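Summary of the model geometry
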Amino acid sequence: MFDSEEESAFVILTAPMYHPHHYGGGGIGGIYSQNGVWYASPGNQGWGSGAGPARLGRKPSVTEVDNMPSGSLKPSAGRVIRIINSHDHSVQCRVLLNLRTSQPFEEVLEDLGQVLKMIGAKKMYTSNGQEVRSFSQLRNEFAEVETFYLSNTPSLPVGALGPGVIPPSPGRRSRSRLGGSVPDDLSKTTARQRARSKSRPRVLYAPENELVRASSDYPLLDAMKEEPTRITIRGLRRTFYPPLHHPPIDNAPPDKKLSLFWVHGYRGIDSKRNLWVLPSGELLYYVAAVAVLYDREEDAQRHYTGHTEDIMCMEVHPSRELVGSGQRAGRDRKSQAHVRIWSTESLQTLYVFGMGELDSGVIAVAFSQLNGGSYILAVDAGRESILSVWQWQWGHLLGKVATLQEGIWGATFHPLDDNLLITHGRGHLAFWHRRKDGFFEKTDIIKPPSRTFVTCVQFEPDGDVITADSDGFITIYSVDADGAYFVRMEFEAHNKAISCLVMLSEGTLISGGEKDRKIAAWDSLQNYKRITDIKLPESAGGVRSIYPQRPGRNDGNIYVGTTRNNILEGSLQRRFNQVIFGHGKHLWALAAHPDDEVFATGGHDKYVALWRRQKLIWTTSVGYEIIALAFHPYGAALAAGSSEGHLIVINAENGATMLTIRVCGSPLNAVEFNQVGDMIAIGSQNGSIYLFRVSRDGFSYKKINKIRGSQPLTHLDWSSEGNFLQSVTVDFDLLFWDVKSLSPEKSPIAMKDVKWMTSNCTVGFLVAGLWNNRYYPAPSNTIITTTARTAAQDLVAAGDADGYLRLFRYPCITPRAEFTEAKVYSGTLAAVKFLYGNHSLVTVGGTDASLMIWELTEE
């Protein structure tokens, strides 16, 4: 392209996706576009045949060379160089320079200076400080040099070329092989006398993906040769730069698999009747998508994990050897709403029905009583609230009806008639008689409209119906001679809502209050005379479910599931003791001990708890909603960030609050100590990072300063040497921060070789394969919400917004990375941490406050 006989010169500077205007036909200087990239036209003879300035025929001196066809230039005609702004190394550009152009070298420098955002560029230097004065030097003396620095000052300041490079003195001259140097004043005079080109190049700036911050940790040109990784998150493209050295890519699945070891807590915050005692003495309840069978004597758990989404309801078969459980609907075909019948002995799934028949979820299931539990009913959570009856052994649908009732709370069979079903809920109590042809006849016991919210139903031995409502009243319905139901008696039992009723074998009715936290006993044989009552402590919460500890016995001992996700045991004659502790509200904060298999949790219930695998060590109330936790590296102190901007320091030995600091007025979403423990970084919802100096024991804190930001931060990582931080925003942008200069680090490529102490940040080059993985089930718009890396840096665990927990090899770079996974949540998996020793990991479930421990077993 530079074989034209004309000796005029011109500088053409282009950037990716830049489309210059045409100056006549055929493009500029034989440059043509293909797929957004500009190439040289072999045999080009100037600017084309157009009129006007395009016919000046001036030779180009610089053009873009990405994907330049080989052989299009003669060796002596042009060469590729990279020019860098000596004042700001983040500004640089790759160019193809025409060494045979007739344009003065000084004009080329000025043109290059415009590209590098430098006014009046005068000098060009090599990376070791030698000045370049002519095209002949570029062609001969510096033929092997690829990187040059531009300066607009007479001399190059110290440090402009990086540490350890001393710029030349003003009197220093570099000589080419062809002759001596030209005095500065003479070259300037000659430059002033030359006629400037009438076809000045347009000023183009280096694109953002070409900006590089110079670093002494890696060669600049090697950095440019690395290919970045680009992923799309919520419709926006993110680019991550690879380090020069990282472990080889291994897309094979990890040699470990996830095995559920323990489930802490109990789902009482938003569920209904969900606590039973099996003939084996095990407690049966559910948390998220897991049915838990807990043996108190052996201190052991078994788990039924056949469900793919959260369990919404459950019922025990009259034989007490089988369980029916219904789940909510997920996003794919495998996660449709359905009911599963499974064995409490083998934990094997026996029958599955309702796939495709049930809509958004199953809000109630119940077995028939008179025929030994051959029938099961299910109520759909969809708009029409369809009630269906199944002969579950054969999978036959016996009949269904659209109840068209909003706010159905539960349903059951009448104990003396397998074809009589009762539904109840908001302003609703109705009997449904199933005829032989499968149709239903409805009888409204409460005539609509009604403000009564029927919360639970029980039966007297003779079949009379007992109901409780949200106003605290218990009502008994009897049947007259014509078969019509009427109110036999009604009395106020509790202050506000009654959550459960249990009829014991000797005729004692037990009721539990959700609001007043009372448990009361009533003698049904003496016109429901109150026998006694007891009030639960405020920390336990209200009553959600009650079940006798030894069904069939009259010892009065009961289990109580509470609205704060605890299970208590006791009786109305003695105090209640805690059997199972769970956080009572959203659970987001999780931290693993640095040198012991101990971990801490903190929730919106304002409690912080310390655990050793399945054992609860202590709990403490801190007075604030906790959303972030971190152990001091020595393990004695625990730092907690609150939703109101407080930092609470807790003694990890006994749970005592040692210090409370008001950091800011925004939630503290991320709290992390550096490796030596003398500094803590706190990422806030307001986008800033607050830095505190920490004493050796971890109990004294002094604010240093803050690094101002604008986007809410969710995760933080310290660099291994403690000089930098990386963070993730709510929009999944990866940001870097310089701790020493207290400023954001604007060049991501400059940080690509920094070693990070942890891997809390959910985005980055080394975890890019966690996103949009080709093996994820469709539709896959996966949002990774939490990550954790083993201390050996061989495995990484990831949790997402759909409740999946996945285990990958580390680093996880490509979308072809295989994994092992578990699905036990419907909502967001809020946090995951490996415990000390890397034999197990812990997950917390966010909105459902679930807490689970997983063991890593051999595949």
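Only a predicted model underlies this, so the values are computations on that prediction, with no experimental measurement involved.

**Comments concerning the overall build of the chain**
Looking only at helices and strands, one finds four helices and 64 strands in the chain. A total of about 36700 Å² of accessible surface is found on the chain, and carbon and sulfur atoms cover 48% of it.

**Some details on the sheet that holds strand β50 (residues 668–673)**
One open sheet holds the four strands; their spatial order is β50-β51-β52-β53, and the pairing between them is antiparallel. Both outer strands of the open sheet, β50 and β53 (701–707), are each paired with one neighbouring strand and no more. The sheet shows a mean angle of 20° between the axes of neighbouring strands, taken without regard to direction. Where strand β52 (residues 689–694) lies against β53, six bridges are found, and the strand directions are antiparallel. Looking at the pairing, V694 lines up with Y701 of β53.

**Description of the side chain of Q458**
Following the sequence through the fold, Q458 ends up in strand β30 (residues 454–459). Of note is the side chain of Q458, whose polar atom sits 3.4 Å from the backbone oxygen of L501. Look past the residues within four positions of Q458 in its chain and what remains in contact with it is D464, V465, I466, L501, V502 and M503.

**Digging into the pattern of salt bridges**
The final tally for this structure, using the stated rule, is 28 salt bridges. With a closest N to O distance of 3.0 Å, E131 and R133 form a salt bridge. Assessed through its relative accessible area of 11%, E131 is described here as buried. With its nearest N and O atoms 2.9 Å apart, the salt bridge here joins R806 to E821. Of this pair, R806 sits in strand β60 (residues 804–809) while E821 sits in strand β61 (residues 820–823); the two residues are 15 residues apart in sequence, bridging distant segments of the chain. Residue class for R806 comes out buried when judged on its relative accessible area of 3%. For E821, a relative accessible area of 39% translates into the label partly exposed. The network of salt bridges with shared partners includes K123, E131 and R133.

**Observations regarding the layout of surface pockets**
The volume enclosed by the second largest pocket comes to roughly 1200 Å³. In terms of lining, the second largest pocket is formed by 48 residues, of which the most central are T239, F240, L734, F736 and P748. Of all the elements in the fold, those that place two or more residues in the lining of the second largest pocket are β12 (236–240), β56 (734–738) and β57 (743–745). A breakdown of the residues in the lining of the second largest pocket according to their chemical character gives 21 nonpolar, 15 polar and 12 charged.

**Examining the packing of aromatic side chains**
Applying the stated criterion to the full structure yields 20 aromatic pairs. Considering the side-chain rings of F732 and W771, the 5.3 Å spacing of their centres and the 75° angle between planes classify their relative orientation as edge-to-face. Here W771 lies in the loop between β57 and β58 (784–789) and F732 lies in the loop between β55 (724–729) and β56, a separation of 39 residues in the sequence. Each of the two residues, F732 as well as W771, counts as buried.

**As for the UniProt feature "repeat: WD" (unreviewed entry) in the chain**
Those places that UniProt annotates as "repeat: WD" (unreviewed entry) correspond, in this numbering, to residues 491–523 and 580–611. In the segment residues 491–523, helix accounts for 0% and strand for 61%; the C-alpha atoms at its two ends are 13 Å apart. For the annotated span residues 580–611, helix accounts for 0% and strand for 53% of the residues, and the straight-line distance between the end C-alpha atoms is 12 Å.

**Focus: helix α1 (residues 105–115)**
The buried fraction of α1 amounts to eight of the 11 residues, a majority that puts the element mostly inside the structure. Among the residues of α1, F105, E107, V108, L109, D111, L112, G113 and V115 are the ones counted as buried. Just downstream of α1 lies K117, where phi reads positive at about 60°.

**What to know about the sheet that holds strand β23 (residues 375–380)**
Strand order in the open sheet made by the four strands is β22-β23-β24-β25, with antiparallel pairing throughout. Only two strands of the sheet have a single partner each, and these edge strands are β22 (362–367) and β25 (396–402). Across the sheet, the mean angle from the axis of one strand to that of its neighbour is 15°, orientation sign disregarded. Looking at chain direction, β23 and strand β24 (residues 386–391) are connected through five bridges and run antiparallel. Following the sheet pairing, Y375 is matched in β24 by Q391.

**Quick notes on the environment of S719**
As for its placement among the helices and strands, S719 is situated in the loop between β54 (713–718) and β55. With 35 residues separating them in the primary sequence, S719 and V754 have C-alpha atoms 6.7 Å apart. Not counting residues within four places of it along the chain, the set of residues in contact with S719 comprises F724, V754, K755, W756 and M757. Engagement of the side chain of S719 in a polar contact is seen with the backbone nitrogen of N723, the distance being 3.1 Å.

**Some points on the pairing of strand β28 (residues 428–434)**
Counting buried residues in β28 gives six out of seven residues, a clear majority hidden from the surface. In the sheet, strand β27 (residues 417–425) pairs with β28 via six bridges, with the strands oriented antiparallel. What sits directly across from T423, in β28, is A430. As consecutive antiparallel partners, β27 and β28 are separated by two residues, and within that stretch G427 has a phi angle of approximately 60°, a positive value. The pairing of β28 with strand β29 (residues 440–444) spans five bridges and is antiparallel. Within β29, the position partnered with W432 by the bridge is K442.

**Some remarks on unusual backbone geometry**
Here the residue pair Y810 and P811 is connected by a cis peptide bond, since its omega of 0° sits within 30 degrees of zero. Looking at where P811 falls in the secondary structure, it is placed in the loop between β60 and β61. Unlike most non-glycine residues, R320 shows phi in positive territory, near 65°.

**Notes on the side chain of T786**
Among the secondary structure elements, T786 is positioned in strand β58. Residue classification places T786 among the buried positions, given a relative accessible area of 5%. Within polar-contact distance, the side chain of T786 engages the backbone nitrogen of V832 at 3.2 Å. If we ignore the near neighbours within four places in the chain, the residues touching T786 are H715, T762, A797, A798, G799, L829, A830, A831 and V832.

Conventions used here
Residues numbered from 1 in each chain as written. Predicted model: local features only at pLDDT ≥ 70, side-chain atom pairs only at ≥ 80, totals over all residues. Heavy atoms only, no water. Helix = DSSP H or I, 4+ residues; strand = E, 2+ residues; numbered from the N terminus. Areas by Shrake-Rupley, 256 points an atom, 1.4 Å probe, with all protein chains shown as cover. Pairing = 2+ DSSP bridges. Axes fitted to C-alpha atoms, helices over the stretch in contact; angles between N-to-C directions. Polar contact = N/O pair within 3.5 Å; in protein donor to acceptor, adjacent residues only side chain to side chain. Contact = heavy atoms within 4.5 Å. Salt bridge = Lys/Arg side-chain N within 4 Å of Asp/Glu carboxyl O. Buried < 20%, exposed > 50% of the residue type's maximum accessible area, 1.4 Å probe, protein only. 1 Å grid on protein atoms, 1.4 Å probe; cavity = no way out; pocket = protein on both sides within 12 Å on 5 of 7 lines; lining within 4 Å. Points joined across faces, edges and corners; volume = space filled by probe spheres on them. Nonpolar A, V, L, I, M, F, W, Y, C, P; charged D, E, K, R; others polar. Phe/Tyr/Trp six-rings, centres within 6.5 Å; stacked < 30°, edge-to-face > 60°. UniProt positions renumbered as here; feature names shortened; annotations may be inferred.

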